[in-house]
Amino acid sequence: MVVITKLSAVEQLPITKLHRPVSGNFAGDVPLVDLTSPAAAAQVVAACEELGFFKLTNHGISFELIDRLECEAVKFFSLPIWKKDAAGSAAPFGYGSRKIGTWDFGWIEYLLMQANSINPALSSSFRSALSDYISTIKNLSCELLELMAEGLGLQPRNILSKLLMDEESDLMLRLNHYPPCPSSQQRNNISVTGFGEHTDPQVISILRSNNTSGLQISLRDGRWVPVPPDQSSFFVNVGDSLQVLTNGRFRSVKHRVLANSVQSRLSMIFFGGPPLKERVAPLPLLMEEGEESLYREFTWCEYKTTAYKTKLVDNRLGLFEKN
Ligand SMILES: C=C1C[C@]23C[C@@]1(O)CC[C@H]2[C@@]12CC[C@H](O)[C@@](C)(C(=O)O1)[C@H]2[C@@H]3C(=O)O
Ligand SMILES: O=C(O)CCC(=O)C(=O)O
Ligand SMILES: [Fe+2]
């Protein structure tokens, strides 16, 4: 099943810069964070407050590590379907095609994995590339969460990163392949959906893609804007759980992927979530005097179980908001 997204009249307007409320560097509408800059902690906080999304440059991760996993992923997605099916079904972890979750469809095939138990059905070179990539990106995620803590003035520095450092932390890796879709005509304002609009439920997501466009984010005013691909950078998303931990100060960004009519897009996304039993609630140190939690109490297990029954487009966090 192919899902068609018709761009609204507003989305067809040339993009006008209405406001640029935070200082710092941007690539178009996308905030930039240079990990080597002395201002990195402040840049990360500004980007997470404004949009919940930023492009990370000068991250220090070798292209060789990324390229090795990308080559393995390309080999995997080029296999005949019966060999890909041998990785098991995407629900809960394995190979999926077209179907995302229970209700959604997209122009996509993917491999969904638990980060700490790599699928034994995959080739040994693939497993080794996955294991090296995952441990490196997990460290990067923790470094970013520590920068956030620093920028927010939180102590101890690992107050957020420890959520991902537990043996039982819920960490996942997803490899998405969007084959070219000739009927996706972005110039005629009809686009086939690769991955429908959604927010990520976890704390943080770290995305890396090849140089094929398709990813879009929703700005605060509701406009969808493309994120120009850059294979040498990472793109970082605030997830729903981080929005809750900061009592709404950081925003969980809405994003989607539109299929490209001529080129394949290949993305790899690391999702950092807490242990299932962990309570997800605003950090007391971030609350002003008298400030109340915007959300009712829940554990990551409760949130994830509820989230996984919803459609991509649903406002999952809304189900936990206090009225
Ligand atoms: C429609 C769905 C797919 C998803 C589970 C859900 O019910 C709602 C959240 C979706 C999402 C988005 C981020 C990640 O890609 C993902 C693995 C996740 O944790 O939440 C997917 C889920 C999925 O593909 O199963
Ligand atoms: O593939 C992409 O570029 C983004 C996919 C995504 O948002 C997801 O897997 O949650
Ligand atoms: Fe996502």
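Rules used throughout
Numbering of residues starts from 1 in each chain and follows the order in which that chain's sequence is written. Chain letters and ligand numbers both follow the written order, the letters beginning at A and the numbers at 1. Given that the model is predicted, a residue must reach a pLDDT of at least 70 before its local features are reported, and side-chain atom pairs must reach 80 or more before they are shown or counted; all residues, however, enter totals for whole chains, interfaces and linings. Only the C-beta atom matters for nearness: placed from the backbone, it must lie within 6 Å of the molecule or strand for the residue to count as near. Think of it this way: any DSSP run of H or I at least four residues long counts as a helix, any run of E at least two long counts as a strand, and we number them from the N terminus. Note on residue classes: Ala, Val, Leu, Ile, Met, Phe, Trp, Tyr, Cys and Pro are nonpolar, Asp, Glu, Lys and Arg are charged, and everything else, Gly too, is polar. With C-beta atoms placed from the backbone, a residue counts as buried when 20 or more other C-beta atoms lie within 10 Å of its own, as exposed when 12 or fewer do, and as partly exposed for counts between those limits. By this definition, two strands are paired if DSSP reports at least two bridges between them. Axis definition: a line fit to C-alpha positions, over the contact stretch in the case of helices; interaxial angles, taken between N-to-C directions, run 0 to 180 degrees. Note that the term roughly parallel is reserved for angles under 35 degrees, roughly antiparallel for angles over 145, roughly perpendicular for angles of 65 to 115, and oblique for everything else. By the convention adopted here, residues make contact when the C-beta atoms placed from their backbones lie within 7 Å. Note on definitions: a nonpolar core is a set of buried residues drawn from Ala, Val, Leu, Ile, Met, Phe, Trp, Tyr and Cys, linked by C-beta atoms within 7 Å.

A.B. asks: Help me get a handle on the site of ligand 2, residues and values and all.
C.D. replies: Inspection of the region around ligand 2 gives Arg174, Asn176, Phe195, Asp200, Leu207, Ser209, Leu215, His255, Val257, Ser267 and Ile269 as its neighbouring residues. Those elements that place two or more of their residues in the shell around ligand 2 are β7 (169–178), β9 (204–209), β13 (255–258) and β14 (265–275). Grouping the amino acids of the shell around ligand 2 by side-chain chemistry returns five nonpolar, four polar and two charged.

A.B. asks: Any details on the pairing of β9? Residues and values, ideally.
C.D. replies: With six of its six residues buried, β9 lies for the most part within the structure. Relative to strand β12 (residues 234–238), β9 is paired through four bridges, and the arrangement is antiparallel. Bridge pairing in β12 places Ile206 opposite Val236. The sheet contact formed by β9 and β14 spans six bridges and is antiparallel. Within β14, the residue paired with Ser209 across the bridge is Ser267.

A.B. asks: Tell me what's going on with the packing of helix α2 (residues 40–50) against helix α5 (residues 124–152), and back it up with residues and numbers.
C.D. replies: When two helices pack together, their arrangement is given by the angle between their axes and by how far apart the axes lie. Between α2 and α5, the least distance of the axes is 8 Å, while the angle of their chain directions is 90 degrees. With respect to α5, the element α2 is oriented roughly perpendicular. Residues Ala40, Ala41, Ala42, Val44, Val45 and Cys48 of α2 pack against Leu144, Leu147, Met148, Glu150, Gly151 and Leu152 of α5. For the contact of α2 with α5, the per-class residue count stands at 10 nonpolar, one polar and one charged.

A.B. asks: Describe in detail the site of ligand 1, supporting the description with residues and values.
C.D. replies: Residues in close proximity to ligand 1 total 14 residues, the closest being Gly101, Asp104, Asp200, Tyr308 and Leu312. Class assignment for the residues of the shell around ligand 1 results in seven nonpolar, three polar and four charged.

A.B. asks: So what about the environment of Pro275? Which residues, and what values?
C.D. replies: Tracing the sequence through the fold places Pro275 in strand β14. With 15 C-beta atoms packed within 10 Å, Pro275 lands in the partly exposed category. Taking the C-alpha atoms as reference points, Pro275 and Glu167, 108 residues apart in sequence, are found 8.1 Å from one another. Residue contacts for Pro275: discarding those within four places in its chain leaves Asp166, Glu168, Ser169, Asp170 and Trp300.

A.B. asks: A description of the sheet that holds strand β5 (residues 94–100) should follow, citing residues and the corresponding values.
C.D. replies: Taking strand neighbours across the sheet as the criterion, the nine strands line up as β2-β3-β4-β12-β9-β14-β7-β6-β5 in an open arrangement whose pairing is mixed. A strand with exactly one partner marks an edge of an open sheet, and here the two such strands are β2 (26–27) and β5. In the packing of α5 onto the sheet, contacts are made with β7, β9, β12 and β14, and the angle to β9 comes to roughly 130 degrees.

A.B. asks: How would you explain α2 if you had to name every residue and give the values?
C.D. replies: Gln43, Val44, Val45, Ala47 and Cys48 are the residues of α2 that are buried. Where α2 is buried, its residues meet β3 (30–34), β4 (53–57), α5 and β12. Phi turns positive one or two residues past the end of α2, at Gly52, with a value near 80 degrees.

A.B. asks: Provide a residue-level description of the pairing of β13, including the pertinent values.
C.D. replies: A two-sided burial pattern is seen for β13, the buried positions comprising His255 and Val257 on one face and Arg256 and Leu258 on the other. Alignment of strand β8 (residues 190–198) against β13, held across three bridges, turns out to be antiparallel. From the neighbouring strand, Thr193 faces β13, where its bridge partner is Leu258. Of the pairings in the sheet, the one linking strand β10 (residues 215–218) to β13 comprises three bridges and is antiparallel in character. Across the sheet, Leu215 pairs through a bridge with Val257, a residue of β13.

A.B. asks: Describe the nonpolar core, and please don't skip the residues or the numbers.
C.D. replies: Judged by nonpolar contacts, the single largest core of 75 residues is most densely connected at Val44, Phe53, Met148, Ile206 and Val236. It is α5 that provides the largest number of residues to this core, a total of 13 residues.

Such coordinate-based values are descriptive only and should not be taken to indicate function.
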